[in-house]
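Letter by letter, the chains look like this.
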Amino acid sequence: MTRADIANCPCGSAKVFAACCEPYISGAQVVPTAEALMRSRYTAFATLAADYLLASWHPDTRPTRVRLDEDQRWIGLSIKDTEAGGDNDSEGIVEFVARFKVNGRGHRLHERSRFEKIDGRWYYLNGDHL
């Protein structure tokens with residue numbers, strides 16, 4: 001899926017892409033919460049936006065590159081829980097389940113992710129697979 005092909009945002013917000021995750025991925029807006037960063041990162045995986053994934057990764061844990069699989073089709077995101085991660089917080093946790101298919105076979109990624117805000121910007125720090 002390319003960003004040009006999107007009407008509804010892949011993150012599952014029920015908003016159109018242009019009014020949801022696209023402004024964050026394009027850099028036009030700063031992500032306001034840890035959950036919004038989680039949703040926009042999911043959307044970045046779905047739209048193959050590797051640059052955004054790297055830019056939104058915490059500098060202490062950021063890999064040198066992200067390998068995205070064009071055959072991996074992201075089919076759903078469910079936010080299970082959030083702790084802190086709001087406008088006035090410096091840390092947050094988001095537990096989620098992301099569903100995807102590779103070669104027609106379904107998979108799920110269940111993670112409890114940690115986020116940190118540095119100089120007014122949220123970053124994905126790391127996560128525990130559940």
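This report concerns the structure included in the present document. (Residues numbered from 1 in each chain as written. Predicted model: local features only at pLDDT ≥ 70, side-chain atom pairs only at ≥ 80, totals over all residues. Heavy atoms only, no water.)

**Comments concerning the environment of alanine 55**
Here alanine 55 lies in helix H3 (residues 50-55). Given a relative accessible area of 48%, alanine 55 falls into the partly exposed group. Spatially, the C-alpha atoms of alanine 55 and cysteine 9 are 20 Å apart, while their sequence positions differ by 46 residues. Setting aside residues no more than four positions away along its own chain, alanine 55 makes contact with Arg62 and Tyr123. (Helix = DSSP H or I, 4+ residues; strand = E, 2+ residues; numbered from the N terminus. Buried < 20%, exposed > 50% of the residue type's maximum accessible area, 1.4 Å probe, protein only. Contact = heavy atoms within 4.5 Å.)

**With respect to the pairing of strand S2 (residues 91-102)**
Taken together, the eleven bridges between strand S1 (residues 72-84) and S2 define a ladder with antiparallel strand orientation. The residue of S2 that forms the bridge with glutamine 72 is valine 102. Once S1 ends, the chain turns through six residues before running back antiparallel as S2, passing glycine 85 with a positive phi of about 80°. With twelve bridges connecting them, S2 and strand S3 (residues 105-118) associate as antiparallel partners. Bridge assignment links alanine 98 to a residue of S3, and that residue is leucine 109. The loop that links S2 with its antiparallel partner S3 comprises two residues; one of these, asparagine 103, has a positive phi angle of about 55°. (Pairing = 2+ DSSP bridges.)

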